[in-house]
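Fold and contact review
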Protein chains: 6
Amino acid sequence: MPACLFPGSFDPLTNGHLDLIARLSALYGEVVVCVMQNLAKKSLFSTEDRLSLIRQACKGRIPHVRAVSYPGFTVEAAKKEGCAVMARGLRSALDYEYETQLALVNRHLAPGVETIFLPADPALSAVSSSFIREIHALGGDVSALVPECVLHALQALKV
Amino acid sequence: MPACLFPGSFDPLTNGHLDLIARLSALYGEVVVCVMQNLAKKSLFSTEDRLSLIRQACKGRIPHVRAVSYPGFTVEAAKKEGCAVMARGLRSALDYEYETQLALVNRHLAPGVETIFLPADPALSAVSSSFIREIHALGGDVSALVPECVLHALQALKV
Amino acid sequence: MPACLFPGSFDPLTNGHLDLIARLSALYGEVVVCVMQNLAKKSLFSTEDRLSLIRQACKGRIPHVRAVSYPGFTVEAAKKEGCAVMARGLRSALDYEYETQLALVNRHLAPGVETIFLPADPALSAVSSSFIREIHALGGDVSALVPECVLHALQALKV
Amino acid sequence: MPACLFPGSFDPLTNGHLDLIARLSALYGEVVVCVMQNLAKKSLFSTEDRLSLIRQACKGRIPHVRAVSYPGFTVEAAKKEGCAVMARGLRSALDYEYETQLALVNRHLAPGVETIFLPADPALSAVSSSFIREIHALGGDVSALVPECVLHALQALKV
Amino acid sequence: MPACLFPGSFDPLTNGHLDLIARLSALYGEVVVCVMQNLAKKSLFSTEDRLSLIRQACKGRIPHVRAVSYPGFTVEAAKKEGCAVMARGLRSALDYEYETQLALVNRHLAPGVETIFLPADPALSAVSSSFIREIHALGGDVSALVPECVLHALQALKV
Amino acid sequence: MPACLFPGSFDPLTNGHLDLIARLSALYGEVVVCVMQNLAKKSLFSTEDRLSLIRQACKGRIPHVRAVSYPGFTVEAAKKEGCAVMARGLRSALDYEYETQLALVNRHLAPGVETIFLPADPALSAVSSSFIREIHALGGDVSALVPECVLHALQALKV
């Protein structure tokens, strides 16, 4: 059974991400969740915290998941981890436009790595990491949008 | 290695379809190309001819391909053929909108079957079966858009 | 409290329609659900049956709903029923494009009638009447997508 | 000054078409308005009537316009009329998607003919020929949406 | 007659905003124009100036308008002001995508508050506050795009 | 033969830009490639370097090209250079949305200057300047995406 890379910033992990990881886990021998390190962008959680939250959220619930981080291109991460496939979720036509351009660029950079798209669960399609960060910053309740461990980590940040 | 269903009408098979079949063949143990029989829609080629053209075009070029036909839902075809995944190509945001709705309906009909999308090769993104049929009807040259066996079959239709 | 027209073909009424009617009922003094008669298009249910199914589905569940039918323009129906507002649900960017053009044409035909859009519940966004008709025609299960009275009416059609 | 082909069905000519013809007339030495003959599609006006209405509407108002008809591909019409450019208006993202696919197919059929797009005047963006036909069929007023000669021709059809 | 919240940054108020406020004023007993305070984003006008310009522009022209400001979520402003409805204008499919995600997030945060969309007047659809700010910064003429009081305020800024 | 302005930031020039310049050169007496100076945005190359790279890339390959720079509005550059037309490439529906809004604003600022769109070559549609900058920053290979002189300039930047 082949392995699949699921790259992202996961800042923080959402219930939308978890749904995609669970669906990929049913299709692939291993799902390598890969936290991309973007030094140019200020993040809410450190790379280490994001990896830890992904591991806590999947443990005992979703099998065959491994969390790693990588500083460069997603396609290089895919090659290093032995994944011929990278998966991305699509929540809207806007996502489609952006992700397709990215997939074409990646195909140019690494012709042997294929990008596949999964339609996001529509009930979770409004749950983006950036909305979570905004709601959290304004003191809103995100308990229905993120795994429990992420909720606790957000509450700890507040202090 | 799991199998993947690639459903469509393939009326006729295009170079865009062939590119997707080849890419799927690199990712899955078997690609089951499934000609959906839509009795309500008038077709250019019979189901039998379409199956034969798919087999001729893939033979000796793309490994692990099997061509079948089915009269009902694509998800039923997937279950019957033992495929946990159905693949569809996306050529535009318009395709995305339609295919996502279809994927959600299929998920309702058969929760265990997942739909994945592959971005079409942009150089082939204008090659749809319906454009091929229109160009052919007006006597235009489609030799760069379809496999050789389809070109011959179109020329034979003309007589 | 003003009244609102909710026009459509409702062939048949879906759970997506019902969700919109309930939400409109919370905002307006009366929701006039208006079955538009399109003689050019072949329908599954007669206008009378569609009206009857809307009434059955709303009765005792959604207050302030009245079902009517009209043979001409939706804006004329709005004026006849005393509605300054017509409401339409949006399920996708594709819907947006079409509905906006229609709203602009209607504004030209009747400047005093405003069209408002409500975002469809994403969990119901794949539930269109045409998908229901297709699934039903192929013998699929639509019990989770339509009200119970519509399910019975579909089953009665089969005989 | 080069010539430009403006192809379409013009069934009937609208104020949106006229706006584009006038803008093209300011940019090109000649605007060849080309009525494409599509035998498969039932039309409201005959090819001859459409040509006559285009000529009447432009006469004395928009200079350098010539109206022709053609039975085949638009690119063949462009080559026959000595036009290196074909122009199309875009009213929406939906138009963009369809027109881009068509332009790519045409580029394949005739590499020397370029397609350019002009953004439609937004105030006229809801004025499509198909909406005009629908409104007319239901007895609605289209006097603000079409040139006067088209209005008279529509009224004459009614009798 | 119920009240409606019309939230935005209004930095500055445009003729597109004014058109929407006038149309909402015809549909609701009161339109509460709510200047959202976003401390993270640098603004051209202060909150107080924006409120003052909204009041000046509507005074004597559009009835039932009240201007307020709020530092948190739009849904909280809606609840505080007793509005069961928030209205937003849609100028493009891009707007649709963004506004729909926002509406779904708001629905999660406050299930009792509904978001409705109005199609922008296409003749005003290019008039965004950010374009006004850009044109103003480059010394361009915005007199046809904003109310007179905003024009004067922009000119005063320049000094 | 009229002249055409092709405005952009060209930071850096890509093969996608070059394809559009060559196609415009076949349609117009002169193509004025105009580097817009945006002081607010940090750039990779200076305006002078960008002009120099455009001249090197076109020299001896694409006739009738002139490269200029301008600090203000694109429409003012068009008027100053005697161009009645500005051309922009469209790579996606997202591009369409943004470029149409810009064209409408420009039409307001200078009614006599028309914007035309050309569909980007789909094989080059993923080649944006911002992707080039990102790939370069991460040390990726862009040799197939930019002209040779730009490749050398990027490599010189690295040192």
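Residues numbered from 1 in each chain as written. Chains lettered and ligands numbered in written order. Predicted model: local features only at pLDDT ≥ 70, side-chain atom pairs only at ≥ 80, totals over all residues. Heavy atoms only, no water.

Side note on the overall build of chain A
Within chain A, the secondary structure is distributed over 6 helices and 5 strands. Starting at the N terminus, the α and β elements of chain A follow one another as β-α-β-α-β-α-β-α-β-α-α. Projected onto the principal axes, the alpha-carbon positions of chain A cover approximately 45 × 35 × 30 Å. Summarising the internal contacts of chain A: among those between residues at least 6 apart in sequence, 75% fall at separations of at least 24. When the accessible surface of chain A is summed, it comes to about 6,700 Å², and 53% of that surface belongs to carbon and sulfur atoms. For chain A, the distance from the average position of its 15 positive side-chain charges to the average position of its 15 negative side-chain charges is 4 Å. (Helix = DSSP H or I, 4+ residues; strand = E, 2+ residues; numbered from the N terminus. Contact = heavy atoms within 4.5 Å. Areas by Shrake-Rupley, 256 points an atom, 1.4 Å probe, with all protein chains shown as cover. Lys, Arg positive; Asp, Glu negative; His and termini not counted. Charge placed at Lys NZ, Arg CZ, Asp CG, Glu CD.)

Quick look at the interface of chain F and chain D
The interface of chain F with chain D comprises 27 residues on the first partner and 27 residues on the second. Together, L27, Y96 and P119 of chain F form the three largest contributors to the area buried by chain F at its contact with chain D, with a combined 27%. Where chain F packs against chain D, one counts 2 salt bridges. Here R23 of chain F and E114 of chain D are joined by a salt bridge, their closest N and O atoms 2.5 Å apart. Viewed at the interface, chain D and chain F are joined by 6 residue pairs in polar contact (both at pLDDT 80 or more). (Buried area = accessible area lost by both parts, 1.4 Å probe. Salt bridge = Lys/Arg side-chain N within 4 Å of Asp/Glu carboxyl O. Polar contact = N/O pair within 3.5 Å; in protein donor to acceptor, adjacent residues only side chain to side chain.)

Considering the relation of the copies chain F and chain D
Of the transformation placing chain F onto chain D, the axial shift is 0.0 Å and the rotation is 180°, giving an RMSD of 0.0 Å. Taken together, these values place the two copies in the relation of a two-fold axis. Take the interface residues of chain F: 100% of them recur as interface residues in chain D, which is what a same-surface contact looks like. (Least-squares fit on C-alpha atoms with pLDDT ≥ 70 in both.)

Looking at helix α1 (residues 15-25) of chain D
Residues and elements named next belong to chain D. For α1, the tally of buried residues reaches 10 of 11 residues, placing the bulk of the element in the interior. Every buried residue belonging to α1 is among N15, G16, H17, L18, D19, L20, I21, R23, L24 and S25, and all of these are buried. The N-terminus of α1 is capped by T14, whose side-chain oxygen sits 3.1 Å from the backbone nitrogen of G16. (Buried < 20%, exposed > 50% of the residue type's maximum accessible area, 1.4 Å probe, protein only.)

Observations regarding the side chain of R50 of chain B
Residues and elements named next belong to chain B. For R50, the location among the structural elements is in helix α2 (residues 47-58). Among the residues examined, R50 registers a relative accessible area of 8% and is labelled buried. Among the polar contacts made by the side chain of R50, one reaches the side chain of S43 at a distance of 3.2 Å. With residues near it in sequence (within four places) discarded, R50 still touches S9, F10, D11, V35, M36, S43 and F45.

Quick look at the environment of G140 of chain C
Looking at the element boundaries, G140 of chain C is found in the loop between α5 (129-137) and α6 (148-158). G140 of chain C sits 55 residues away from V85 of chain C along the chain, and the two C-alpha atoms are 37 Å apart. Ignoring sequence-local partners within four residues, the contact set of G140 of chain C consists of F73 of chain B together with I135 of chain C.

Thoughts on the pattern of salt bridges
Residue and element names in this part refer to chain A. One pass over the full model with this rule turns up 47 salt bridges over all chains. One salt bridge connects R66 with E81, and the closest N-O pair in it is separated by 3.0 Å. Of this pair, R66 sits in strand β3 (residues 65-70) while E81 sits in the loop between α3 (74-80) and β4 (85-90), and the two are 15 residues apart along the sequence. Judged by relative accessible area, R66 falls into the partly exposed class, the value being 32%. In the salt-bridge network here, residues are joined through shared partners; they are D11, R50 and R133.

What to know about the side chain of E97 of chain D
Within the fold, E97 of chain D resides in helix α4 (residues 93-109). Although E97 of chain D is buried, it makes no salt bridge; R91 of chain B carries the closest opposite charge, 9.0 Å away. In contact with E97 of chain D, not counting residues within four places along its chain, are E97 of chain A, S92, A93 and L94 of chain B together with A93 of chain F.

A look at the pairing of strand β2 (residues 30-36) of chain F
Residue and element names in this part refer to chain F. Counting buried positions along β2 yields 6 of 7 residues, so the element is predominantly enclosed. For the crossover that starts at strand β1 (residues 3-8), traverses helix α1 (residues 15-27) and ends in the parallel β2, the hand is right-handed. Pairing of β2 with strand β3 (residues 65-70), which is carried by 6 bridges, proceeds in the parallel orientation. Across the sheet, V33 pairs through a bridge with A67, a residue of β3. (Right-handed = clockwise from strand over helix to strand, strands pointing away. Pairing = 2+ DSSP bridges.)

Observations regarding the environment of R61 of chain C
Residues and elements named next belong to chain C. Tracing the sequence through the fold places R61 in the loop between α2 (47-58) and β3 (65-70). A sequence separation of 26 residues divides R61 from V35, and the C-alpha atoms of the two residues are 20 Å apart. Polar contacts involving the side chain of R61 include one to the main-chain carbonyl oxygen of A57, which spans 2.7 Å.

Here we look at helix α5 (residues 129-137) of chain B
Residue and element names in this part refer to chain B. Within the span of α5, buried status applies to S129, F131, I132, I135 and H136. For α5, the buried positions fall inside an angular range of 160° around the axis, keeping them on one side. Of the residues flanking the end of α5, it is G139, one or two places downstream, whose phi is positive at about 80°. (Arc of directions from axis to C-beta.)

Concerning the environment of M36 of chain D
All names here are of chain D. Note on placement: M36 falls in strand β2 (residues 30-36). A sequence separation of 100 residues divides M36 from H136, and the C-alpha atoms of the two residues are 22 Å apart. When neighbours within four sequence positions are excluded, M36 is seen to be in contact with P7, G8, R50, Y70, G72, F73 and T74.

Some words on the pairing of strand β2 (residues 30-36) of chain B
Sheet topology places strand β1 (residues 3-8) of chain B next to β2 of chain B; 6 bridges connect them, and they run parallel. Opposite A3 of chain B, over in β2 of chain B, you have E30 of chain B as the bridge partner.

Let's talk about the confidence of the model for chain A
On average, residues of chain A carry a pLDDT of 93, and 97% of them reach 70 or more. Both scores are available for the predicted complex, with the pTM at 0.92 and the ipTM at 0.94. (pLDDT = per-residue confidence, 0-100.)

A closer look at unusual backbone geometry
Residue and element names in this part refer to chain E. The residue after D11, namely P12, is reached through a cis peptide bond having omega 5°. Following the sequence through the fold, P12 ends up in the loop between β1 (3-8) and α1 (15-27). Its identity as a non-glycine residue notwithstanding, F10 has a phi of 50°, on the positive side. Owing to a relative accessible area of 3%, F10 belongs among the buried residues under this scheme.

A closer look at the state of the cysteines
Working definition: the covalent bond between the sulfur atoms of two cysteines is a disulfide. One pass over the structure, following the stated rule, counts 0 disulfides over all chains. This cysteine, C4 of chain C, is not joined by any disulfide, and C83 of chain C carries the nearest cysteine sulfur, 6.6 Å off. Residue C4 of chain C is classed as buried on the basis of its relative accessible area of 0%. C149 of chain D provides the cysteine sulfur closest to C58 of chain D, a residue in no disulfide bond, and the two sulfurs are 8.6 Å apart. You can call C58 of chain D buried: its relative accessible area is 4%. (Disulfide = S-S within 2.5 Å.)

Let's talk about the packing of aromatic side chains
Within this structure, the stated rule accounts for 9 aromatic pairs over all chains. Ring centres 5.8 Å apart and planes at 15° place the aromatic pair Y96 of chain D and Y96 of chain F in the stacked group. Pair noted here: Y96 of chain D is in helix α4 and Y96 of chain F is in helix α4 (residues 93-109), and the two residues belong to different chains. Residue Y96 of chain D shares its accessibility class with Y96 of chain F, and that shared class is buried. (Phe/Tyr/Trp six-rings, centres within 6.5 Å; stacked < 30°, edge-to-face > 60°.)

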